[in-house]
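Structural characterization, general
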Amino acid sequence: MKLNLNIQPLSTWLNTGKEPLVIAGPCSAETEDQLVATAHLLAKTGKVSALRAGIWKPRTRPGEFEGIGSIGLEWLKRAKEETGLPTAIEVATGKHVEEALKSGVDILWVGARSTVNPFTVQEIADALQGVDVPVMVKNPVNPDLSLWIGALERINRAGITKLAAIHRGFSSFGNTTFRNEPMWDLAISLKTHAPELPIINDPSHITGNRDLIGYVAQKAFDLDMQGVMIESHIDPAVAWTDAKQQVTPAALADIIDNITLRKPDVKSAEVSDKLAELRAKIDKIDDLVIQKVAERMNIAEQIGQYKKDNDITILQVNRWEEILQKRIPYANALKLSAEFTEKLLELVHAESIRRQAEILNAGQEQPAEKLSHV
Ligand code: PEP
Ligand code: MN
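Within an unreviewed UniProt entry, the label attached to the protein reads chorismate mutase, and the organism entered is Mucilaginibacter limnophilus.

We now examine the coordination of the manganese ion (ligand 2). All of the protein donors around the manganese ion (ligand 2) are Cys-27 (SG), His-205 (NE2), Glu-231 (OE) and Asp-242 (OD); their distances to the metal are 2.1 to 2.4 Å. Counting along the primary sequence, the residues that act as donors to the manganese ion (ligand 2) give the motif C-x177-H-x25-E-x10-D. Of this pair, Cys-27 sits in the loop between β1 (21–25) and α1 (32–45) while His-205 sits in helix α8 (residues 203–207), and the two are 178 residues apart along the sequence. Assigned by exposure class, Cys-27 and His-205 land together as buried.

This brings us to the site of ligand 1. Inspection of the region around ligand 1 gives Cys-27, Arg-52, Lys-57, Glu-90, Trp-109, Gly-111, Ala-112, Arg-113, Lys-138, Arg-168, His-205 and Glu-231 as its neighbouring residues. Here an oxygen atom of ligand 1 sits 2.9 Å away from a polar atom, N or O, in the main chain of Ala-112. Here an oxygen atom of ligand 1 and a side-chain polar atom of Arg-168 are 2.6 Å apart. Counted by class, the shell around ligand 1 contains 3 nonpolar, 2 polar and 7 charged residues.

What follows is about the packing of aromatic side chains. By the definition in use, this model includes 2 aromatic pairs. A ring pair is formed by Phe-65 and Trp-240, whose centres lie 5.0 Å apart and whose planes are at 90°; its orientation type is edge-to-face. With a gap of 175 residues between them, Phe-65 in the loop between β2 (50–52) and α2 (71–83) and Trp-240 in the loop between β8 (227–231) and α10 (249–257) connect regions that are remote in the sequence. Seen from their ring centres, Trp-148 and Phe-170 are 6.4 Å apart, and the 75° between their planes marks the pair as edge-to-face. Linking Trp-148 in helix α6 (residues 145–157) with Phe-170 in the loop between β6 (163–167) and α7 (184–193), this pair joins segments that are 22 residues apart in sequence. The class of Trp-148 is buried, set by a relative accessible area of 1%.

So, about the pattern of salt bridges. Enumeration according to the criterion identifies 20 salt bridges in this entry. Glu-32 is the salt-bridge partner of Arg-78, the closest N and O atoms lying 2.9 Å from each other. Highlighted residues: Arg-78 in helix α2 and Glu-32 in helix α1, separated in sequence by 46 residues. Residue class for Arg-78 comes out partly exposed when judged on its relative accessible area of 30%.

Where nonpolar side chains cluster on the molecular surface, the patch consists of Tyr-330, Leu-334, Leu-336, Phe-340 and Leu-344 and spans about 510 Å² of accessible area. Considering the arrangement of structural elements, one finds Tyr-330 in helix α12 (residues 317–333). In this structure Tyr-330 comes out as exposed when scored by relative accessible area, which is 57%.

What counts as what
- Residues numbered from 1 in each chain as written.
- Chains lettered and ligands numbered in written order.
- Predicted model: local features only at pLDDT ≥ 70, side-chain atom pairs only at ≥ 80, totals over all residues.
- Heavy atoms only, no water.
- Donors = N, O, S within 2.8 Å, 3.2 Å for Na, K, Ca; no water.
- Helix = DSSP H or I, 4+ residues; strand = E, 2+ residues; numbered from the N terminus.
- Buried < 20%, exposed > 50% of the residue type's maximum accessible area, 1.4 Å probe, protein only.
- Near = heavy atom within 4 Å.
- Polar contact = N/O pair within 3.5 Å; in protein donor to acceptor, adjacent residues only side chain to side chain.
- Nonpolar A, V, L, I, M, F, W, Y, C, P; charged D, E, K, R; others polar.
- Phe/Tyr/Trp six-rings, centres within 6.5 Å; stacked < 30°, edge-to-face > 60°.
- Salt bridge = Lys/Arg side-chain N within 4 Å of Asp/Glu carboxyl O.
- Patch = residues over 30% accessible without salt bridge, like charges linked within 9 Å, V, L, I, M, F, W, Y side chains within 5 Å.
- Areas by Shrake-Rupley, 256 points an atom, 1.4 Å probe, with all protein chains shown as cover.

Structure representation (structure tokens):
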């Protein structure tokens, strides 16, 4: 399904001449000195296209620093006057939009906690009616592509054509490497729905850890995202919010210097021949994988019939454990990780079980149930 978004190219509202494209600035505007000094250092790197700062901060717990508020807009104005950098802030209410526009903020973004709520997004969209300002929409906190798309559509329908998405990862339960799981497939899926929509990656909020920012930024560019938004603070250790994921402007410059930009299109005929040859091999293997999975399903159905004739339950836990115990060492020997192999087998096994249930309960269609961990 293609989305019907009316969008102007990124280059109409952001200096995309700098490669790679970087939006940077502190998580929060804290003091006038902190913001202006950070802005000067960022501008001096020559690698930054826009200055970001949080003025109103959505915090998980009350009593935490909730942003410096409207006074920060004055500091931002000064930072822009002195550095020439266009400015970007998060807006979460119609009033934020009004104040931001009044003080000349150049780019607005909708935060992850706002994107989850269509009422909030609509309030922001209503305040944007008839205004020509670029807006970026962060993905919602939860991994729901429709919510992300819906928010983009609401803003676009308000007449905002300078539109981009920000991929900042999705919250998940338990301890993981990242603060917010990137779930790259969701961002890729957005790209296939709206190929003309620029996607900016936010490695700071994905990683929650400054040491991993370069890794995630590189991956974003490798997946053909258009730019990155990275939190940068003159003295990250004492930042009032998100201290662990901010970098000094000098460290930011290092991260950017280490990015390799690869081309989305293959130019040379030689390279493209090689790629076509390798892709043809992959195509053949994919066909074989599908054929073999279909054969496996046929056998699973025969087993289903046997279980029905002999009144045996579909799931026999021992058998499933036996499958895992046999396959995982084999897969490991072929350099496939246990985690990947288990996920793959679970997916195939779940479909086998669904088909067997269909046979056991003939006539009743079985819905494909989503596995919680796949
Ligand atoms: C931020 O950009 O500082 C922020 C609050 O991000 P998110 O909405 O992605 O959590
Ligand atoms: Mn932040």
